[in-house]
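Okay, here's what each chain looks like letter by letter:
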Amino acid sequence: MVSAEQRHAEIVRALKTTELVNVAALAQELGTSEVTIRRDLAELEQAGVLRRVRGGAVSTMLRGEESPFAMRELEHAEIKARIAAAAVDLVSDGESVVLDSGTTGLAAARVLARRRATVVPLAVNEITVLAPGRDVALLVPGGSVRPVEWSLVGPLAEHNLANLRFDTMLLTCCGLDPRRGVTAYDLQDAAVKRAAMSSAARTIAMVDSSKFARTAMAVVCPTADIDIVVTDEDAPDAAVAALASEGIEVFRV
């Protein structure tokens, strides 16, 4: 039986390849009822992923724009969780960690909440995940909240990060290319990432294989500024070899 999470992921994938998804066609493809599909579409509409129309739904994402957080959270969810767990496993108990925003960052927050560490999260949704952690010393850097994404950005966040020192930065990104570097869609997000990296003794990038095929507008840093990349088994061999040639340790999980 296909779970709700799997159905949602399949609907999102379908929306990336066609402008309109049809309720009847989705029900047949996923082996479920049209009533269930309509409920799925309603939930995804509430999350801002799509807009329902007669007989189906259309994506709310414009071409060339960053996908909505709710949509990205459904994409490669199991892989992101695996990458996040492996990256956090490289962090020793008692370390100070600055945790980047994004869907993989949120997955890492769920793991860090069970660890003994001082954590500075760069997103509001990560704060709510980390706060109940019994052994987590939680520090909030401040800043402005970026709508929908929940990331903390702006001069206040950058200034406060510059006045702290961390053992590890857990970095997320929109794109990673050995030639073009690490990139993000939002200029303010990129600036906060750079500030956090500058204050960290090492940077671990959490990058699912789909990010190697993308380059966003805002440059965060050259790949040489990264110490470790944690990715999945589908990461391109050429990209992994290029990173290794720069002295970057690459873990495929």
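That block above? That's the structure.
Along each chain, numbering runs from 1 in the same order as the chain's sequence is written. With pLDDT at 70 or above as the cut-off, local features in this predicted model cover only qualifying residues; side-chain atom pairs require 80 or more to be listed or tallied, and sums for whole chains, interfaces and linings still use all residues. Calculated side-chain values reflect all of the structure's heavy atoms, with hydrogen atoms and water omitted.

K.L.:
Would you take a moment to explain the overall build of the protein chain for this structure?
P.N.:
A helix here means a DSSP run of H or I that spans at least four residues, while a strand means a run of E at least two residues long, and both kinds are numbered starting from the N terminus. Within the protein chain one finds 10 helices and 15 strands. Atoms counted for the radius of gyration: C-alpha only. Globule rule: 2.2 Å times residue count to the power 0.38. For 253 residues, the compact-globule formula gives about 18 Å, and the C-alpha radius of gyration of the protein chain, at 19 Å, lands near that figure. For the protein chain, with 253 residues in total, the buried portion stands at 51%. Across the protein chain, the fraction of contacts at a sequence separation of at least 24, relative to all contacts at a separation of at least 6, is 58%. Surface exposure of the protein chain reaches about 12,000 Å², of which carbon and sulfur atoms provide 51%. Here the term buried applies to any residue with accessible area under 20% of the maximum for its type, exposed to any over 50%, and partly exposed to those in between, with areas from a 1.4 Å probe on protein chains only. Whether two residues touch is decided by their heavy atoms; if any such pair falls within 4.5 Å, the residues are in contact. All accessibility values rest on the Shrake-Rupley procedure with a 1.4 Å probe; residue burial counts only the protein chains present in the view.

K.L.:
Honestly, the pairing of strand β12 (residues 200-206) in this entry has me stumped. Any pointers?
P.N.:
Remember that side chains alternate between the two faces of the sheet whenever the strand is regular. With five of its seven residues buried, β12 lies for the most part within the structure. Pairing between strands is defined by DSSP: at least two bridges between them are needed. Relative to β12, strand β9 (residues 166-171) is paired through five bridges, and the arrangement is parallel. Bridge pairing in β12 links Phe166 to Ala200. Relative to strand β14 (residues 228-231), β12 runs parallel, the two being bridged by three bridges. Pairing of Ala205 across the sheet is with Val229, part of β14.

K.L.:
Just to check I follow, could you spell out the sheet that holds strand β5 (residues 117-121) for this structure?
P.N.:
The strands making up a sheet are joined through hydrogen bonds of the backbone, oriented either antiparallel or parallel. The seven strands are arranged β6-β5-β4-β9-β12-β14-β15 in an open sheet whose pairing can be described as parallel. Across the chains shown, the open sheet's two edge strands, defined by having one partner strand only, are β6 (136-138) and β15 (249-252). Strand after strand, the sheet turns through a mean of 25° between neighbouring axes, direction not considered. Every axis in this analysis is a line fitted to C-alpha atoms, fitted for helices over the stretch in contact. Angles between the N-to-C directions lie between 0 and 180 degrees.

K.L.:
Hey, could you run me through the sheet that holds strand β2 (residues 50-53) in this one?
P.N.:
With antiparallel pairing, three strands are arranged side by side in an open sheet as β1-β3-β2. With partners counted over all chains shown, the strands left at the sheet margins are β1 (20-22) and β2, one partner each. Recorded for the sheet is a direction-independent mean angle of 30° between the axes of neighbouring strands. As paired elements, β2 and strand β3 (residues 56-59) share four bridges and run antiparallel to each other. In the sheet register, Arg51 faces β3, and the bridge partner there is Val58. Against the sheet, helix α2 (residues 23-30) contacts β1 and β3, and its axis sits at roughly 65° relative to β1. Docked against the sheet, helix α3 (residues 34-46) engages β2 and β3, running at close to 135° with respect to β2.

K.L.:
Would you mind showing me how to read the nonpolar core here?
P.N.:
Grouped burial of nonpolar side chains is what soluble globular proteins tend to show. Counting residues in each nonpolar core, the largest one holds 34 residues, and the members touching the most others are Val98, Leu161, Leu176 and Val182. Listed by contribution, the elements that provide at least two residues to this core are α8 (155-162), β9, β11 (181-184), α9 (187-198), β12, β13 (218-221) and α10 (237-245). The element best represented in this core is α9, accounting for five residues. Those residues within four positions of Val98 in sequence are excluded, and the remaining contacts are Val120, Leu122, Leu161, Phe166, Thr168, Met169, Leu170 and Ala196. Only buried Ala, Val, Leu, Ile, Met, Phe, Trp, Tyr and Cys residues count toward a nonpolar core, and they belong to the same one when joined by side-chain atoms within 4.5 Å. Residues Ile83, Ala87, Leu130 and Leu170 belong to the second largest nonpolar core, which totals 22 residues.

K.L.:
What exactly am I supposed to notice about helix α6 (residues 103-112) here?
P.N.:
Residues spaced three or four apart along an α-helix point in a common direction, a consequence of the helix completing one turn every 3.6 residues. When you tally the buried positions in α6, you get nine out of 10 residues, the bulk of the element. Looking at α6, one finds that the buried residues are Thr103, Thr104, Gly105, Leu106, Ala107, Ala108, Ala109, Val111 and Leu112.

K.L.:
Any chance you could explain the pattern of salt bridges here in plain terms?
P.N.:
Pairing is possible between side chains of opposite charge, provided their charged atoms come close. Take a side-chain nitrogen of Lys or Arg and a carboxyl oxygen of Asp or Glu: if they are within 4 Å of each other, that pair is a salt bridge. Here the structure, examined in full by the defined rule, presents 12 salt bridges. In this structure, the salt-bridge partner of Arg115 is Asp93, at a minimum N-O distance of 3.0 Å. Of this pair, Arg115 sits in the loop between α6 and β5 while Asp93 is found in the loop between α5 (77-89) and β4 (96-99), placing the two residues 22 residues apart along the sequence. Here Asp93 falls in the partly exposed class, since its relative accessible area comes to 46%. The partner of Arg252 in a salt bridge is Asp237, and the shortest N-O contact between them spans 2.7 Å. Placement of Arg252 in strand β15 and of Asp237 in helix α10 is noted, with a sequence separation of 15 residues between them. Taking the relative accessible area as the measure of exposure, Asp237 reaches 58% and is therefore exposed. Look at the salt bridges and you will find they share partners, linking Arg146, Asp186 and Asp189 into a network.

Read these as layout, nothing more, since geometry by itself doesn't imply function.
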